[in-house]
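Results of the structural survey
Spelled out from the first residue to the last, the chains are:
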Protein chains: 2
Amino acid sequence: MKTDPDCVFCKIVAREIPAAELLEDDDAFAFLDIGPLTPGHTLLIPREHYTTVDEMPGDLLARVTQHLPLLVQAVQAATGCDGVNILQNNHRIAGQLVPHVHIHIIPRRPGDAWTFNWPASEYAEGEMGKMADRIYRELERRC
Amino acid sequence: MKTDPDCVFCKIVAREIPAAELLEDDDAFAFLDIGPLTPGHTLLIPREHYTTVDEMPGDLLARVTQHLPLLVQAVQAATGCDGVNILQNNHRIAGQLVPHVHIHIIPRRPGDAWTFNWPASEYAEGEMGKMADRIYRELERRC
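Residues numbered from 1 in each chain as written. Chains lettered and ligands numbered in written order. Predicted model: local features only at pLDDT ≥ 70, side-chain atom pairs only at ≥ 80, totals over all residues. Heavy atoms only, no water.

1. Quick notes on the overall build of chain A
- Broken down by element type, chain A carries four helices and five strands.
- When the helices and strands of chain A are listed from N to C terminus, the series reads α-β-β-β-α-α-β-β-α.
- A fraction of 53% describes how many contacts in chain A between residues 6 or more apart in sequence connect residues 24 or more apart. (Helix = DSSP H or I, 4+ residues; strand = E, 2+ residues; numbered from the N terminus. Contact = heavy atoms within 4.5 Å.)

2. Here's the deal with the sheet that holds strand β1 (residues 21-24) of chain B
- With respect to topology, ten strands assemble into an open sheet ordered β1(A)-β2(A)-β3(A)-β5(A)-β4(A)-β4(B)-β5(B)-β3(B)-β2(B)-β1(B), the strand pairing being antiparallel. Each edge of the open sheet carries a strand with a single partner, namely β1 (21-24) of chain A together with β1 of chain B. When strand polarity is set aside, the average angle formed by the axes of neighbouring strands in this sheet is 20 degrees.
- The sheet contact formed by strand β2 (residues 28-32) of chain A and strand β3 (residues 42-46) of chain A spans five bridges and is antiparallel. Counterpart to Phe29(A) in the pairing with β3(A) is Ile45(A).
- Across the sheet, helix α4 (residues 127-142) of chain A lies against β1, β2 (28-32) and β3 (42-46) of chain B, angled at about 35 degrees from β1(B), the strand it touches most.
- Each of β1, β2 and β3 of chain A is contacted by helix α4 (residues 127-142) of chain B, which is oriented at about 35 degrees to β1(A), the strand it contacts most. (Pairing = 2+ DSSP bridges. Axes fitted to C-alpha atoms, helices over the stretch in contact; angles between N-to-C directions.)

3. Let's talk about the relation of the copies chain A and chain B
- Take chain A, turn it by 180 degrees, move it 0.0 Å along the axis, and it overlays chain B with an RMSD of 0.0 Å. Read as a symmetry element, the transformation amounts to a two-fold axis.
- Of the interface residues in chain A, 100% have counterparts in chain B that sit at the interface too, so the contact is made through matching surfaces. (Least-squares fit on C-alpha atoms with pLDDT ≥ 70 in both.)

4. Side note on the interface of chain A and chain B
- Every contact between the two is made by 72 residues of chain A and, on the other side, 72 residues of chain B.
- When the area that chain A buries against chain B is broken down by residue, the three leading residues are Ile93(A), Trp118(A) and Ile135(A), summing to 11%.
- Applying the counting criterion to the chain A and chain B interface returns zero salt bridges.
- With twelve residues, helix α3 (residues 68-79) of chain A is the largest single contributor of residues to the side of chain A that touches chain B.
- Residues of the side of chain A that touches chain B, tallied by class, amount to 42 nonpolar, 21 polar and nine charged.
- Here seven bridges tie strand β4 (residues 83-90) of chain A to strand β4 (residues 83-90) of chain B, and the two strands are oriented antiparallel to one another. Bridge pairing in β4(B) places Asn89(A) opposite Asn85(B). (Buried area = accessible area lost by both parts, 1.4 Å probe. Salt bridge = Lys/Arg side-chain N within 4 Å of Asp/Glu carboxyl O. Nonpolar A, V, L, I, M, F, W, Y, C, P; charged D, E, K, R; others polar.)

5. Quick notes on unusual backbone geometry
- Backbone geometry places Arg15(A), a non-glycine residue, at a positive phi of 60 degrees.
- With respect to the helices and strands, Arg15(A) occurs in the loop between α1 (8-13) and β1.

6. Points about the confidence of the model for chain A
- Of all residues in chain A, 100% attain a pLDDT of 70 or more, and the chain-wide mean is 98.
- In the predicted assembly, ipTM is 0.98 and pTM is 0.98. (pLDDT = per-residue confidence, 0-100.)

Structure representation (structure tokens):
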């Protein structure tokens with residue numbers, strides 16, 4: 001299993017750094033974020049060190065994310081929140097701060113501190129089909 | 001398989017409404033968001049109708065999310081983006097607009113239109129442990 005001796009999440013998995021642990025199995029580990037956006041903000045990570053989600057084997061990501069429904073149920077019940085965002089950031093441009101794949105489970109309540117905008121746009125005529133073709137070709141190349 | 005006759009994503013899966021399709025199998029379906037936050041904004045959904053992620057069987061969510069690494073690779077290659085956010089919103093308070101579980105894959109570039117803040121806070125002395133205990137008890141009740 002790949003680990004990075006300088007990675008804070010690898011150290012948490014190895015219990016070299018303490019954390020408020022919630023769940024673990026052979027592939028996954030969950031604990032409270034020590035800098036929560038809202039109370040109960042939870043992190044679910046693969047034990048193994050991967051920097052970004054595109055580097056992970058799909059079946060390993062699946063074995064990690066299978067825990068999300070139960071974790072979200074438990075976070076909702078424990079916090080009494082009204083909804084939950086699940087967020088996973090890849091690369092600094094996307095807000096990733098720790099270079100070990102981590103899935104944020106963020107409980108939401110009216111007036112809480114976390115906000116994002118939703119600047120939905122539109123494709124110019126014909127551009128959506130071209131974009132889909134480009135992505136489809138990249139998928140085909142990888143299958 | 002549960003479907004909702006009024007659900008726009010169920011209609012896309014049934015091909016009653018056209019979409020720029022990218023990927024499908026027995027459990028999952030991916031297509032371009034018609035109101036993209038950034039070009040190449042992709043949605044990955046379960047074929048079956050579930051309103052929120054906590055309602056989904058974990059193994060079904062796993063069979064949907066197993067496609068994320070490949071989809072993210074393809075979106076990155078096709079758009080030339082510098083990073084990707086994966087976002088899944090549950091309930092209106094969390095920004096969910098369509099009540100059928102959907103996972104946003106959002107390509108990111110410097111200066112793009114999507115923004116979120118990161119108001120990391122701290123737990124008061126002893127409160128992190130209490131929160132972890134509450135979530136852990138809710139997990140235990142469900143196992």
